[in-house]
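Tertiary structure, described
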Amino acid sequence: MSQEKAIINYFENMDRSFYLDENKDLASMDRPLPIGFGQTISQPTLVLKMTLALDLHPESRVLEIGTGSGFQTALLAAFSESVYSVERIEPLQEGAKKKLQEAGFTNVYFKQGNGSRGWRDHDPFDRIMVTAAVPEIPDELLGQLQSGGKMVIPIGTPFSQDLTLVEKDEEGEISQNFIESVVFVGLVEEED
Ligand code: SAH
């Protein structure tokens, strides 16, 4: 089975309600849902699309910014070597950690903090998934992307963003390709 087919198969068998504390009854609908603290989980088909765009390999080391409910984290973790996931809101981070551990994942590492700074202790990363909107790609994240690496990130205003595939080639040159228009909650910029 191709990697893409394997990811789609796995995704189709995921139970989104497991990752939700509220609106569990709406989990099977293909729509974004609130996860508390003013944050939202994307519609499942977008989570799948973003994951496929990231082109994961079993040896990929992935940085995820915006753990949220942990739903996207689970899909990344099932198809990569390890996931380093950063979330600024502590109760969300704690909740996701508990759920992913309960689901049996042993290759996910959690950090509470400002994800626009990435995770310096573990860089470079082969893949970076950003699930909150940015006006432009944070330099730190570009710097922590491995040559030959890929990043999926929503770039734009608070109201509408271009979901973008960013690729860094072996010479360190950056290219960007538009995937689709999306609306994500903003990546919060703060001192830490
Ligand atoms: N991928 C998540 C949805 C994320 S919503 C899921 O599957 O549920 C965006 C998340 O990014 C929120 O949880 C929000 O708290 C987090 N976030 C926003 N700004 C951040 C920052 N600067 N650093 C880390 N996380 C951030």
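Preceding this paragraph is the structure being described.
Residues numbered from 1 in each chain as written. Predicted model: local features only at pLDDT ≥ 70, side-chain atom pairs only at ≥ 80, totals over all residues. Heavy atoms only, no water.

For the rest of this paragraph, the subject is the side chain of Lys168. Considering the arrangement of structural elements, one finds Lys168 in strand β8 (residues 161-168). Notably, Lys168 is buried but unbridged: the nearest opposite-charge side chain belongs to Asp123, and the N-O separation is 8.3 Å. Within the local environment of Lys168, its side chain forms a polar contact with the backbone oxygen of Leu142, the two atoms lying 2.8 Å apart. (Helix = DSSP H or I, 4+ residues; strand = E, 2+ residues; numbered from the N terminus. Buried < 20%, exposed > 50% of the residue type's maximum accessible area, 1.4 Å probe, protein only. Lys, Arg positive; Asp, Glu negative; His and termini not counted. Salt bridge = Lys/Arg side-chain N within 4 Å of Asp/Glu carboxyl O. Polar contact = N/O pair within 3.5 Å; in protein donor to acceptor, adjacent residues only side chain to side chain.)

Quick look at the packing of aromatic side chains now. Overall, the coordinates contain 6 aromatic pairs when judged by the stated rule. Ring centres of Tyr10 and Phe79 lie 5.4 Å apart, and the angle between their planes is 90°; this geometry places the pair in the edge-to-face category. With Tyr10 in helix α1 (residues 3-12) and Phe79 in the loop between α3 (71-78) and β4 (82-87), the pair connects residues that are 69 residues apart, well separated along the chain. Residue classification places Tyr10 among the partly exposed positions, given a relative accessible area of 32%. Phe79 gets classed as buried once you look at its relative accessible area, which sits at 12%. Taking the centre distance of 5.0 Å and the plane angle of 90° together, the rings of Phe18 and Tyr19 count as edge-to-face. Classification of Phe18 by relative accessible area gives partly exposed; the value is 25%. Look at Tyr19 and you get buried, because its relative accessible area is 7%. By way of ring pairs, the aromatic residues Tyr84, Tyr109, Trp119 and Phe125 are connected into one cluster. (Phe/Tyr/Trp six-rings, centres within 6.5 Å; stacked < 30°, edge-to-face > 60°.)

Time to look at the site of the ligand. Surrounding the ligand, one finds 22 residues, the nearest of these being Ser69, Glu87, Asn114, Gly115 and Val188. The backbone of Gln72 places a nitrogen or oxygen atom 3.4 Å from an oxygen atom of the ligand. Protein contacts shield 99% of the accessible area of the ligand, which totals 570 Å² for the unbound molecule. Contributing elements (two or more residues each) for the shell around the ligand: β2 (39-41) and β4. For the shell around the ligand, the element with the most residues is β2, which contributes 3 residues. Taken together, the residues that form the shell around the ligand break down as 8 nonpolar, 12 polar and 2 charged. (Near = heavy atom within 4 Å. Areas by Shrake-Rupley, 256 points an atom, 1.4 Å probe, with all protein chains shown as cover. Nonpolar A, V, L, I, M, F, W, Y, C, P; charged D, E, K, R; others polar.)

Another aspect to go through is the sheet that holds strand β9 (residues 174-182). Strand order in the open sheet formed by 7 strands is β5-β4-β3-β6-β7-β8-β9, and the pairing between neighbours is mixed. Of all strands in the sheet, those with a lone pairing partner are β5 (108-112) and β9, marking the two edges. Averaged over neighbouring strand pairs, the angle between their axes works out to 15° when direction is ignored. Bridge analysis of strand β3 (residues 61-65) against β4 gives 5 bridges, and the strand direction is parallel. For Ile65, the partnering residue across the bridge sits in β4 and is Val86. Each of β3, β6 (125-130), β7 (145-156), β8 and β9 is contacted by helix α2 (residues 44-54), which is oriented at about 155° to β6, the strand it contacts most. (Pairing = 2+ DSSP bridges. Axes fitted to C-alpha atoms, helices over the stretch in contact; angles between N-to-C directions. Contact = heavy atoms within 4.5 Å.)

As a further point, take the pattern of salt bridges. Considering all chains together, one arrives at 6 salt bridges under this definition. Across the pair Asp55 and Lys150 runs a salt bridge, and its minimum N-O distance is 3.0 Å. Placement of Asp55 in the loop between α2 and β3 and of Lys150 in strand β7 is noted, with a sequence separation of 95 residues between them. Among the salt bridges present, the one from Glu140 reaches Arg120, with a minimum N-O distance of 3.3 Å. Placement of the pair is Glu140 in helix α5 (residues 139-143) and Arg120 in the loop between β5 and β6, with a sequence separation of 20 residues. Judged by relative accessible area, Arg120 falls into the exposed class, the value being 53%.

That is the geometry; function is a separate question.
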